[in-house]
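# Topology and contacts: notes
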Amino acid sequence: MLNKIFKLKENNTKVTTELIAGLTTFMAISYIIFINPNILSQTGMDYNSVYVATILASMIGTFFMGIFANVPYVQSAGLGLNALFTYTICGTLGFTWEQGLAMVFICGVLNVLITVTSVRKKVIKAIPEFMQEAITVGIGLFITYIGVKSAGLLEFSVSSVTNGMASADAVVPQLSVFNTASVIVTLIGLVITAILVSRKSKNAYLKSIILTTLVGLAFGVTKLPDFANYKLIPSLEPTFLKLDFNGLLTAKAGIVVVIMTIFTLVISDLFDTIGTFIGTGKKSGIFKLDKEGNMPRNLEKALVCDSSTTIVGALLGTSNVTTYVESSVGIEAGGRTGLTAVSSALCFGLSLFLAPIVSCVPMAAIAPI
(Lines give C-alpha, C1' and ligand atoms only; values in the text may rest on other atoms or scores of the structure.)
Protein backbone atom coordinates (compact mmCIF):
# COMPACT_ATOMS: atom_id res chain seq x y z
CA MET A 1 0.00 0.00 0.00
CA LEU A 2 2.78 2.43 0.96
CA ASN A 3 4.62 1.54 -2.24
CA LYS A 4 1.53 2.43 -4.27
CA ILE A 5 0.92 5.75 -2.46
CA PHE A 6 4.51 6.98 -2.44
CA LYS A 7 5.90 5.14 -5.50
CA LEU A 8 8.81 3.70 -3.51
CA LYS A 9 10.08 1.25 -6.16
CA GLU A 10 9.88 3.89 -8.84
CA ASN A 11 12.10 6.13 -6.69
CA ASN A 12 14.49 3.29 -5.82
CA THR A 13 13.86 3.40 -2.08
CA LYS A 14 12.15 1.38 0.64
CA VAL A 15 9.97 1.90 3.70
CA THR A 16 12.71 1.59 6.36
CA THR A 17 15.00 4.02 4.53
CA GLU A 18 12.23 6.59 4.23
CA LEU A 19 11.14 6.29 7.87
CA ILE A 20 14.68 6.65 9.19
CA ALA A 21 15.33 9.57 6.82
CA GLY A 22 12.21 11.23 8.23
CA LEU A 23 13.34 10.73 11.82
CA THR A 24 16.82 12.03 10.97
CA THR A 25 15.35 15.14 9.32
CA PHE A 26 13.14 15.79 12.31
CA MET A 27 16.05 15.54 14.73
CA ALA A 28 18.05 17.96 12.58
CA ILE A 29 15.22 20.49 12.56
CA SER A 30 13.74 19.92 16.03
CA TYR A 31 15.57 22.95 17.43
CA ILE A 32 13.01 25.25 15.74
CA ILE A 33 10.15 24.17 18.01
CA PHE A 34 12.04 25.73 20.93
CA ILE A 35 13.84 28.60 19.16
CA ASN A 36 10.74 29.92 17.36
CA PRO A 37 8.67 30.56 20.53
CA ASN A 38 11.78 32.06 22.14
CA ILE A 39 12.06 34.63 19.35
CA LEU A 40 8.35 35.35 18.80
CA SER A 41 7.54 35.62 22.51
CA GLN A 42 9.69 38.78 22.54
CA THR A 43 6.81 40.49 20.68
CA GLY A 44 4.44 39.75 23.57
CA MET A 45 3.09 36.50 22.12
CA ASP A 46 2.43 33.67 24.56
CA TYR A 47 5.44 31.30 24.55
CA ASN A 48 3.47 28.09 25.10
CA SER A 49 0.89 28.98 22.48
CA VAL A 50 3.58 29.72 19.88
CA TYR A 51 5.25 26.43 20.82
CA VAL A 52 2.04 24.52 19.98
CA ALA A 53 1.41 26.64 16.86
CA THR A 54 4.94 25.93 15.59
CA ILE A 55 4.52 22.18 16.00
CA LEU A 56 1.03 22.05 14.49
CA ALA A 57 2.00 24.21 11.50
CA SER A 58 5.11 22.07 10.93
CA MET A 59 3.13 18.85 11.22
CA ILE A 60 0.30 19.96 8.92
CA GLY A 61 2.59 21.51 6.30
CA THR A 62 5.03 18.60 6.25
CA PHE A 63 2.25 16.01 6.09
CA PHE A 64 0.62 17.92 3.24
CA MET A 65 3.98 18.09 1.46
CA GLY A 66 4.41 14.31 1.75
CA ILE A 67 0.91 13.27 0.73
CA PHE A 68 0.11 15.87 -1.93
CA ALA A 69 3.53 16.47 -3.52
CA ASN A 70 5.22 13.16 -2.57
CA VAL A 71 8.58 14.80 -1.85
CA PRO A 72 10.84 14.47 1.26
CA TYR A 73 10.73 18.09 2.42
CA VAL A 74 9.98 19.38 5.91
CA GLN A 75 8.26 22.68 6.63
CA SER A 76 8.36 24.83 9.74
CA ALA A 77 8.55 28.45 10.89
CA GLY A 78 11.41 30.02 8.94
CA LEU A 79 14.47 30.92 10.97
CA GLY A 80 15.33 34.44 9.83
CA LEU A 81 11.76 35.17 8.83
CA ASN A 82 10.78 34.91 12.51
CA ALA A 83 13.60 37.35 13.34
CA LEU A 84 12.29 39.71 10.64
CA PHE A 85 8.84 39.42 12.23
CA THR A 86 10.08 40.12 15.77
CA TYR A 87 12.88 42.63 15.41
CA THR A 88 11.84 44.55 12.30
CA ILE A 89 8.08 44.30 11.85
CA CYS A 90 7.14 44.40 15.54
CA GLY A 91 10.32 46.09 16.79
CA THR A 92 11.62 48.76 14.43
CA LEU A 93 8.35 49.37 12.54
CA GLY A 94 6.19 49.16 15.66
CA PHE A 95 3.41 46.85 14.43
CA THR A 96 1.65 44.66 16.99
CA TRP A 97 2.13 40.93 16.68
CA GLU A 98 -1.54 40.58 15.73
CA GLN A 99 -0.96 42.97 12.81
CA GLY A 100 2.20 41.04 11.98
CA LEU A 101 0.25 37.78 11.74
CA ALA A 102 -2.24 39.50 9.42
CA MET A 103 0.66 40.47 7.13
CA VAL A 104 2.00 36.92 7.21
CA PHE A 105 -1.47 35.64 6.23
CA ILE A 106 -1.64 38.07 3.29
CA CYS A 107 1.88 37.01 2.28
CA GLY A 108 0.71 33.38 2.20
CA VAL A 109 -2.32 34.23 0.06
CA LEU A 110 -0.17 36.20 -2.39
CA ASN A 111 2.34 33.36 -2.63
CA VAL A 112 -0.48 30.92 -3.41
CA LEU A 113 -1.70 33.25 -6.18
CA ILE A 114 1.86 33.64 -7.49
CA THR A 115 2.18 29.85 -7.58
CA VAL A 116 -1.14 28.93 -9.21
CA THR A 117 -0.78 31.68 -11.82
CA SER A 118 2.61 30.24 -12.86
CA VAL A 119 4.64 33.29 -11.82
CA ARG A 120 6.90 31.11 -9.66
CA LYS A 121 7.26 28.69 -12.57
CA LYS A 122 8.42 31.53 -14.82
CA VAL A 123 10.89 32.73 -12.17
CA ILE A 124 12.41 29.23 -11.94
CA LYS A 125 12.57 28.84 -15.74
CA ALA A 126 14.29 32.22 -15.95
CA ILE A 127 17.17 31.05 -13.76
CA PRO A 128 20.06 29.96 -16.05
CA GLU A 129 21.34 26.41 -15.63
CA PHE A 130 24.78 27.56 -14.44
CA MET A 131 23.08 29.60 -11.73
CA GLN A 132 20.99 26.60 -10.69
CA GLU A 133 24.24 24.71 -10.22
CA ALA A 134 25.60 27.66 -8.24
CA ILE A 135 22.53 27.58 -5.99
CA THR A 136 23.37 23.96 -5.15
CA VAL A 137 26.87 25.01 -4.10
CA GLY A 138 25.49 28.01 -2.22
CA ILE A 139 23.01 25.84 -0.32
CA GLY A 140 25.88 23.51 0.65
CA LEU A 141 27.99 26.41 1.91
CA PHE A 142 25.01 27.84 3.78
CA ILE A 143 24.34 24.50 5.50
CA THR A 144 28.03 24.32 6.42
CA TYR A 145 27.87 27.83 7.86
CA ILE A 146 24.80 26.90 9.92
CA GLY A 147 26.72 23.93 11.33
CA VAL A 148 29.86 25.92 12.11
CA LYS A 149 27.87 28.77 13.70
CA SER A 150 25.57 26.45 15.66
CA ALA A 151 28.56 24.53 16.96
CA GLY A 152 30.09 27.69 18.40
CA LEU A 153 33.19 27.28 16.24
CA LEU A 154 32.87 30.91 15.14
CA GLU A 155 32.56 34.01 17.26
CA PHE A 156 32.20 37.64 16.27
CA SER A 157 33.86 40.72 17.71
CA VAL A 158 33.59 44.42 16.94
CA SER A 159 36.84 46.07 15.82
CA SER A 160 37.68 49.58 14.66
CA VAL A 161 38.72 49.60 11.01
CA THR A 162 40.53 52.59 9.47
CA ASN A 163 40.06 53.29 5.77
CA GLY A 164 42.09 56.33 4.71
CA MET A 165 40.97 59.22 6.89
CA ALA A 166 37.81 57.57 8.21
CA SER A 167 37.39 54.88 10.81
CA ALA A 168 34.37 52.72 11.61
CA ASP A 169 33.41 49.72 13.67
CA ALA A 170 33.29 46.42 11.81
CA VAL A 171 32.10 42.97 12.86
CA VAL A 172 35.02 40.55 12.54
CA PRO A 173 34.47 36.76 12.51
CA GLN A 174 37.12 34.57 14.10
CA LEU A 175 37.56 30.99 15.23
CA SER A 176 36.55 30.30 18.82
CA VAL A 177 38.93 28.88 21.39
CA PHE A 178 38.21 25.16 21.28
CA ASN A 179 38.09 24.66 25.03
CA THR A 180 34.37 24.68 25.83
CA ALA A 181 32.42 21.49 26.43
CA SER A 182 29.93 22.09 23.61
CA VAL A 183 32.68 22.72 21.05
CA ILE A 184 34.59 19.61 22.14
CA VAL A 185 31.41 17.49 21.85
CA THR A 186 30.76 18.97 18.41
CA LEU A 187 34.26 18.05 17.23
CA ILE A 188 33.83 14.52 18.59
CA GLY A 189 30.48 14.36 16.78
CA LEU A 190 32.15 15.54 13.59
CA VAL A 191 34.67 12.70 13.82
CA ILE A 192 31.89 10.19 14.52
CA THR A 193 29.90 11.46 11.54
CA ALA A 194 32.93 11.37 9.22
CA ILE A 195 33.75 7.78 10.22
CA LEU A 196 30.17 6.56 9.79
CA VAL A 197 29.68 8.31 6.44
CA SER A 198 33.07 7.21 5.03
CA ARG A 199 32.29 3.63 6.03
CA LYS A 200 28.89 4.02 4.33
CA SER A 201 27.20 2.93 7.52
CA LYS A 202 23.45 2.53 7.31
CA ASN A 203 21.61 5.44 8.90
CA ALA A 204 24.93 7.21 9.54
CA TYR A 205 23.39 10.58 10.37
CA LEU A 206 20.85 9.21 12.83
CA LYS A 207 23.50 7.09 14.54
CA SER A 208 25.78 10.13 14.78
CA ILE A 209 23.09 12.26 16.43
CA ILE A 210 22.33 9.53 18.98
CA LEU A 211 26.00 8.74 19.75
CA THR A 212 26.98 12.41 20.03
CA THR A 213 24.01 13.06 22.33
CA LEU A 214 25.26 10.24 24.58
CA VAL A 215 28.80 11.64 24.49
CA GLY A 216 27.33 14.97 25.53
CA LEU A 217 26.12 13.40 28.79
CA ALA A 218 29.73 12.93 29.93
CA PHE A 219 30.51 16.59 29.22
CA GLY A 220 27.33 17.99 30.73
CA VAL A 221 26.17 19.25 27.34
CA THR A 222 23.23 16.86 27.07
CA LYS A 223 20.62 17.61 29.70
CA LEU A 224 18.42 14.91 31.20
CA PRO A 225 14.65 15.24 30.57
CA ASP A 226 12.96 17.70 32.91
CA PHE A 227 9.33 16.86 33.59
CA ALA A 228 9.03 19.22 36.58
CA ASN A 229 7.04 21.91 34.74
CA TYR A 230 5.78 19.62 32.01
CA LYS A 231 2.33 20.38 30.61
CA LEU A 232 0.88 17.83 28.20
CA ILE A 233 -0.47 20.24 25.55
CA PRO A 234 -0.50 23.99 26.32
CA SER A 235 -3.46 26.07 25.10
CA LEU A 236 -3.39 27.48 21.58
CA GLU A 237 -6.07 30.06 22.42
CA PRO A 238 -3.74 33.08 23.08
CA THR A 239 -2.59 33.19 19.41
CA PHE A 240 -5.25 31.23 17.50
CA LEU A 241 -7.06 33.43 14.92
CA LYS A 242 -5.73 36.62 16.51
CA LEU A 243 -4.93 38.31 13.19
CA ASP A 244 -5.65 42.07 13.18
CA PHE A 245 -6.49 43.17 9.62
CA ASN A 246 -8.29 46.34 10.69
CA GLY A 247 -5.18 47.46 12.57
CA LEU A 248 -3.18 47.44 9.33
CA LEU A 249 -5.45 50.10 7.85
CA THR A 250 -5.01 52.42 10.83
CA ALA A 251 -1.38 51.63 11.70
CA LYS A 252 0.83 54.63 12.50
CA ALA A 253 3.46 53.47 10.02
CA GLY A 254 1.03 54.02 7.14
CA ILE A 255 -0.36 51.86 4.35
CA VAL A 256 2.74 52.27 2.15
CA VAL A 257 4.95 50.73 4.86
CA VAL A 258 2.40 47.92 5.28
CA ILE A 259 2.52 47.15 1.56
CA MET A 260 6.34 47.27 1.44
CA THR A 261 6.59 45.01 4.49
CA ILE A 262 4.26 42.42 2.94
CA PHE A 263 6.27 42.67 -0.30
CA THR A 264 9.47 41.98 1.66
CA LEU A 265 7.90 38.89 3.26
CA VAL A 266 6.71 37.62 -0.14
CA ILE A 267 10.10 38.07 -1.84
CA SER A 268 12.03 36.55 1.09
CA ASP A 269 9.75 33.52 1.22
CA LEU A 270 9.68 33.14 -2.57
CA PHE A 271 13.42 32.97 -3.15
CA ASP A 272 14.11 31.07 0.07
CA THR A 273 11.86 28.25 -1.13
CA ILE A 274 13.05 28.28 -4.75
CA GLY A 275 16.68 28.13 -3.62
CA THR A 276 16.01 25.18 -1.31
CA PHE A 277 14.08 23.19 -3.92
CA ILE A 278 16.56 23.80 -6.75
CA GLY A 279 19.64 23.42 -4.57
CA THR A 280 18.66 20.09 -3.03
CA GLY A 281 16.17 18.67 -5.51
CA LYS A 282 18.25 18.89 -8.65
CA LYS A 283 21.33 17.17 -7.24
CA SER A 284 19.31 14.32 -5.75
CA GLY A 285 17.10 13.91 -8.81
CA ILE A 286 13.89 14.61 -6.86
CA PHE A 287 13.11 17.57 -9.13
CA LYS A 288 14.12 17.18 -12.76
CA LEU A 289 13.47 20.02 -15.20
CA ASP A 290 13.06 18.91 -18.81
CA LYS A 291 15.16 20.19 -21.70
CA GLU A 292 12.87 23.18 -22.13
CA GLY A 293 13.19 24.07 -18.46
CA ASN A 294 9.64 23.05 -17.57
CA MET A 295 9.01 22.14 -13.94
CA PRO A 296 8.01 18.59 -12.99
CA ARG A 297 4.52 18.16 -11.56
CA ASN A 298 5.79 17.33 -8.07
CA LEU A 299 7.70 20.63 -7.88
CA GLU A 300 4.55 22.58 -8.76
CA LYS A 301 2.66 20.72 -6.03
CA ALA A 302 5.48 21.30 -3.53
CA LEU A 303 5.36 25.05 -4.21
CA VAL A 304 1.60 25.06 -3.55
CA CYS A 305 2.16 23.20 -0.25
CA ASP A 306 4.84 25.66 0.80
CA SER A 307 2.64 28.69 0.09
CA SER A 308 -0.48 27.25 1.71
CA THR A 309 1.23 26.38 4.96
CA THR A 310 2.18 30.01 5.62
CA ILE A 311 -1.57 30.75 5.72
CA VAL A 312 -2.12 27.88 8.17
CA GLY A 313 0.77 29.08 10.35
CA ALA A 314 -0.60 32.62 10.53
CA LEU A 315 -4.02 31.34 11.61
CA LEU A 316 -2.45 29.18 14.32
CA GLY A 317 -0.11 31.93 15.52
CA THR A 318 3.37 31.79 14.02
CA SER A 319 5.46 33.67 11.46
CA ASN A 320 6.08 32.50 7.86
CA VAL A 321 6.29 28.74 7.46
CA THR A 322 8.76 27.69 4.79
CA THR A 323 10.55 24.63 3.42
CA TYR A 324 13.67 23.90 5.44
CA VAL A 325 17.11 23.49 3.92
CA GLU A 326 17.79 20.91 6.65
CA SER A 327 15.57 18.60 4.57
CA SER A 328 18.85 17.88 2.78
CA VAL A 329 19.91 15.83 5.81
CA GLY A 330 17.05 13.40 5.20
CA ILE A 331 17.73 13.40 1.47
CA GLU A 332 21.40 12.52 2.15
CA ALA A 333 20.12 9.76 4.44
CA GLY A 334 18.25 8.27 1.48
CA GLY A 335 14.84 9.95 1.64
CA ARG A 336 13.33 10.31 -1.83
CA THR A 337 9.54 10.33 -1.40
CA GLY A 338 6.75 11.85 0.64
CA LEU A 339 6.99 8.99 3.13
CA THR A 340 10.06 10.75 4.57
CA ALA A 341 7.99 13.91 5.05
CA VAL A 342 5.05 12.00 6.55
CA SER A 343 7.31 10.28 9.09
CA SER A 344 8.81 13.68 10.01
CA ALA A 345 5.27 15.05 10.43
CA LEU A 346 4.43 12.19 12.80
CA CYS A 347 7.57 13.02 14.81
CA PHE A 348 6.37 16.62 15.09
CA GLY A 349 3.06 15.30 16.36
CA LEU A 350 4.75 13.13 18.98
CA SER A 351 6.90 16.06 20.10
CA LEU A 352 3.74 17.68 21.47
CA PHE A 353 3.74 14.94 24.11
CA LEU A 354 7.51 14.33 24.38
CA ALA A 355 8.92 17.87 24.50
CA PRO A 356 11.31 17.24 27.44
CA ILE A 357 12.87 14.26 25.62
CA VAL A 358 13.16 16.05 22.26
CA SER A 359 14.82 19.03 23.95
CA CYS A 360 17.57 16.74 25.29
CA VAL A 361 19.26 16.55 21.88
CA PRO A 362 21.88 19.33 22.02
CA MET A 363 22.90 21.56 19.13
CA ALA A 364 26.35 19.99 19.46
CA ALA A 365 24.84 16.72 18.20
CA ILE A 366 23.03 18.36 15.28
CA ALA A 367 25.74 20.80 14.10
CA PRO A 368 28.14 18.10 12.77
CA ILE A 369 25.46 16.74 10.44
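Residues numbered from 1 in each chain as written. Predicted model: local features only at pLDDT ≥ 70, side-chain atom pairs only at ≥ 80, totals over all residues. Heavy atoms only, no water.

What follows deals with the overall build of the chain. Of regular secondary structure, the chain possesses 17 helices and four strands. Its C-alpha atoms give the chain a radius of gyration of 21 Å, within 12% of the compact-globule value 21 Å for 369 residues. If you line up the chain on its principal axes, its C-alpha atoms span 60 × 55 × 50 Å. Residues counted as buried form 48% of the 369 residues belonging to the chain. In the chain, 78% of the contacts between residues at least 6 apart in sequence involve partners at least 24 apart. On the chain, roughly 17300 Å² of surface is accessible, and the fraction owed to carbon and sulfur atoms is 66%. (Helix = DSSP H or I, 4+ residues; strand = E, 2+ residues; numbered from the N terminus. Rg over C-alpha atoms; globule rule 2.2 N^0.38 Å. Buried < 20%, exposed > 50% of the residue type's maximum accessible area, 1.4 Å probe, protein only. Contact = heavy atoms within 4.5 Å. Areas by Shrake-Rupley, 256 points an atom, 1.4 Å probe, with all protein chains shown as cover.)

Once that is clear, we can look at the side chain of Ser-327. Here Ser-327 lies in helix H14 (residues 327–332). Looking at Ser-327, the relative accessible area reads 1%, which means it is buried. At a separation of 2.8 Å, a polar atom in the side chain of Ser-327 contacts the main-chain carbonyl oxygen of Tyr-324. (Polar contact = N/O pair within 3.5 Å; in protein donor to acceptor, adjacent residues only side chain to side chain.)

Once that is clear, we can look at the pattern of salt bridges. The tally for this structure, following the rule as stated, stands at one salt bridge. Salt-bridge contacts for Glu-237 lead to Lys-242; the nearest nitrogen and oxygen are separated by 3.3 Å. Accessibility expressed as a relative area gives 28% for Lys-242, which makes it partly exposed. (Salt bridge = Lys/Arg side-chain N within 4 Å of Asp/Glu carboxyl O.)

This paragraph deals with the packing of aromatic side chains. For the structure on display, the rule yields five aromatic pairs. For the pair Phe-26 and Phe-348, a centre-to-centre distance of 5.1 Å together with 85° between the ring planes defines the contact as edge-to-face. Residue Phe-26 is located in helix H2 (residues 15–29), and its partner Phe-348 is located in helix H15 (residues 338–351); the two are separated by 322 residues in the primary sequence. For the pair shown, Phe-26 and Phe-348 are each scored as buried. Note on Tyr-73 and Phe-277: the rings are 5.0 Å apart at their centroids and 85° apart in plane angle, and the pair reads as edge-to-face. You can see Tyr-73 sitting in the loop between helix H4 (47–69) and strand S1 (75–77) and its partner Phe-277 sitting in helix H12 (residues 255–284), a full 204 residues away along the chain. Accessibility assignment for this pair places Tyr-73 and Phe-277 in one class, buried. The ring of Phe-68 is capped by Lys-301, whose NZ or CZ atom sits 5.4 Å from the centre of that ring. (Phe/Tyr/Trp six-rings, centres within 6.5 Å; stacked < 30°, edge-to-face > 60°. Lys NZ or Arg CZ within 6 Å of the ring centre and 35° of its normal.)

Look at helix H10 (residues 204–219): 22 Å from first C-alpha to last across 16 residues, which is about the 22 Å you get at 1.5 Å a residue. Taken as a whole, H10 has its buried residues at Ala-204, Tyr-205, Leu-206, Ser-208, Ile-209, Thr-212, Thr-213 and Gly-216. The secondary structure elements touched by the buried residues of H10 are H2, helix H9 (181–198), H14 and helix H17 (363–366). Phi for Gly-220, located one or two positions after H10, is positive at around 75°. (Expected span 1.5 Å × (residues − 1).)

Its 18 residues place the ends of H9 26 Å apart at the C-alpha level, agreeing with the 26 Å of an ideal helix rising 1.5 Å per residue. Buried within H9 are the following residues: Val-183, Val-185, Thr-186, Gly-189, Ile-192, Thr-193 and Leu-196. Here the buried face of H9 lies against H10 and H17. In the segment just after H9, Lys-200 is the residue with positive phi, at about 55°.

Read these as layout, nothing more, since geometry by itself doesn't imply function.
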